[in-house]
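Spelled out from the first residue to the last, the chains are:
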Amino acid sequence: MARAWTLASRPAGLPNDSNFAMIETPEAPLGDGEFQVQNSWLSVDPYMRGRMNDAKSYADPFALGAPMTGGAVGTVTASNNVDFPVGAKVLHMGGWRDSVVLGGGNTPPAGMPPVKLPDLGVPDQHWLSIMGMPGGTAWFGLLKVAEAKPGEVIFVSAAAGAVGSTVTQVAKAKGMKVIGSAGGADKCAWVKELGADAVIDYKAGKVLPQLMAALKDMGETGIDVYFDNVGGEHFDAALATAKEWARFAICGMIDVYNDFKAQPMQYLPMIIGKRITIKGFLYPDFYAQVPEFNADMAALITSGAVKGRETVKEGLEKAPEAFLGLFSGENTGKMLVKL
């Protein structure tokens, strides 16, 4: 029997355990072109909260009672597909379960075809963090969307998260100056260890005065790039401190995913006078450039310039707990579930 988590009911506000249910399904013989993957690592990510709503978005909503989907890495244990032989490591979107049948006539989970992993000498779980969607989101957002350049000042919100911590490290490796925002002394200390030139603790006070103080201490007049994972107060503080022609890469807004509260934007008019460019983006926008990202990120990891850090929950049973932990700041780095 294969086990999988389903969405039992659609949450109103912050999800809770009652919104999830585990089901068991019998395993059937493989058809032509099919292969079975036993998962070893599962990813939980903030964007999944939007898929729990019955509303049109860039990703289809989860269907009630059906196995949920998400990033996963596993090993092929049975195969009728020559491209995915037994023993191959696979990155795919059939997460939230212990095993999955892919290929053949099956529609790829979440519309993303499985990928046989190249041997680049990185741990398997890195394909769900710094070598996967979070790392790629950081790399593409910083270098392709914001077009950040050496010497520029980068402000990163959620700098202790999976994406933000990678932005911080890539920016420093590329010769940029970084101000990171994180919640709590321990997370701020870790962001500083990653090389950030300044770190602000949003739990210790308002973001804007801390950001202005950090810029003053660095001898800088403002920020060139804002990498947004949070929205709200962080976004407004970035507008207030932006230089002319600043570029904002909008990756996420976890601050509003559960309650959709109004965002007070006192400094919104700065967009005009500062000629700020604000651009939202998604990882799939850059599929054609993934080989470029893979090569550069593998080199950064090998050199020690970029290091992965994970918060790991053990066992499929812990998947909902891991997901909910994203909204209370429980994770440092990437939140993963190990099977």
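That block above? That's the structure.
Notes on the structure follow.

Conventions adopted
- Residues numbered from 1 in each chain as written.
- Predicted model: local features only at pLDDT ≥ 70, side-chain atom pairs only at ≥ 80, totals over all residues.
- Heavy atoms only, no water.
- Helix = DSSP H or I, 4+ residues; strand = E, 2+ residues; numbered from the N terminus.
- Rg over C-alpha atoms; globule rule 2.2 N^0.38 Å.
- Buried < 20%, exposed > 50% of the residue type's maximum accessible area, 1.4 Å probe, protein only.
- Contact = heavy atoms within 4.5 Å.
- Lys, Arg positive; Asp, Glu negative; His and termini not counted.
- Charge placed at Lys NZ, Arg CZ, Asp CG, Glu CD.
- Polar contact = N/O pair within 3.5 Å; in protein donor to acceptor, adjacent residues only side chain to side chain.
- Salt bridge = Lys/Arg side-chain N within 4 Å of Asp/Glu carboxyl O.
- Pairing = 2+ DSSP bridges.
- Axes fitted to C-alpha atoms, helices over the stretch in contact; angles between N-to-C directions.
- Right-handed = clockwise from strand over helix to strand, strands pointing away.

Time to look at the overall build of the protein. Along its length, the protein carries 9 helices and 15 strands. A compact globule built from 339 residues would reach a C-alpha radius of gyration of about 20 Å, and the protein, at 20 Å, matches this within 12%. The dimensions of the protein, computed from C-alpha atoms along their principal axes, are 65 × 45 × 35 Å. Across the 339 residues of the protein, 52% fall into the buried class. Excluding contacts between residues fewer than 6 apart, the proportion of contacts in the protein whose partners are at least 24 apart in sequence is 68%. Between the mean site of the 30 positive side-chain charges and the mean site of the 35 negative ones, the protein shows a separation of 5 Å.

Turning to its location among the elements, K334 is positioned in strand 15 (residues 334-338). Here K334 falls in the buried class, since its relative accessible area comes to 2%. Only 3.2 Å separates the side chain of K334 from the side chain of D45, close enough to count as a polar contact. Leave out the neighbours within four places in its chain, and K334 touches S43, V44, D45, L128, S129, P134, A162, R309, E310 and T311.

It is worth spelling out the pattern of salt bridges at this point. Per the stated rule, a full pass over the model turns up 14 salt bridges. Put simply, D224 and K243 hold a salt bridge, and the shortest N to O gap is 3.3 Å. Residue D224 is located in strand 11 (residues 223-228), and its partner K243 is located in strand 12 (residues 242-250); the two are separated by 19 residues in the primary sequence. For the salt bridge of E330 with K313, the shortest nitrogen-to-oxygen distance reads 2.4 Å. Taken together, the residues E330 in the loop between helix 9 (319-325) and strand 15 and K313 in strand 14 (residues 310-314) connect sequence positions 17 residues apart. For E330, a relative accessible area of 38% puts it in the partly exposed group. Bridged by salt links that share partners, the residues K177, E220, D224 and K243 form one connected network.

Here we come to the sheet that holds strand 13 (residues 277-280). Pairing in this open sheet of 6 strands is parallel, and the strands run 10-9-8-11-12-13 from one edge to the other. Both edges of this open sheet fall to strand 10 (198-201) and strand 13, since each of them pairs with a single strand only. Between one strand axis and the next, the sheet turns through 15° on average, direction left out of account. Two strands pair when backbone bridges link them, and strand 8 (residues 153-156) and strand 9 (residues 177-182) are joined in this way by 4 bridges, in the parallel orientation. Bridge pairing in strand 9 places V156 opposite G180. Sheet strands touched by helix 5 (residues 207-218): strand 8, strand 9, strand 10 and strand 11. Its angle to strand 10, the strand with the most contacts, is close to 165°.

Let us now look at the pairing of strand 14. Remember that side chains alternate between the two faces of the sheet whenever the strand is regular. Burial along strand 14 is one-sided: T311 and K313 are buried, and none of E310, V312 and E314, which face the opposite way, are. Direction of pairing for strand 14 relative to strand 15: parallel, over a ladder of 5 bridges. Residue V312 lies in a different strand from strand 15, and its bridge partner there is L336. In the classification by handedness, the crossover that spans strand 14, the intervening helix 9 and the parallel strand 15 is right-handed.

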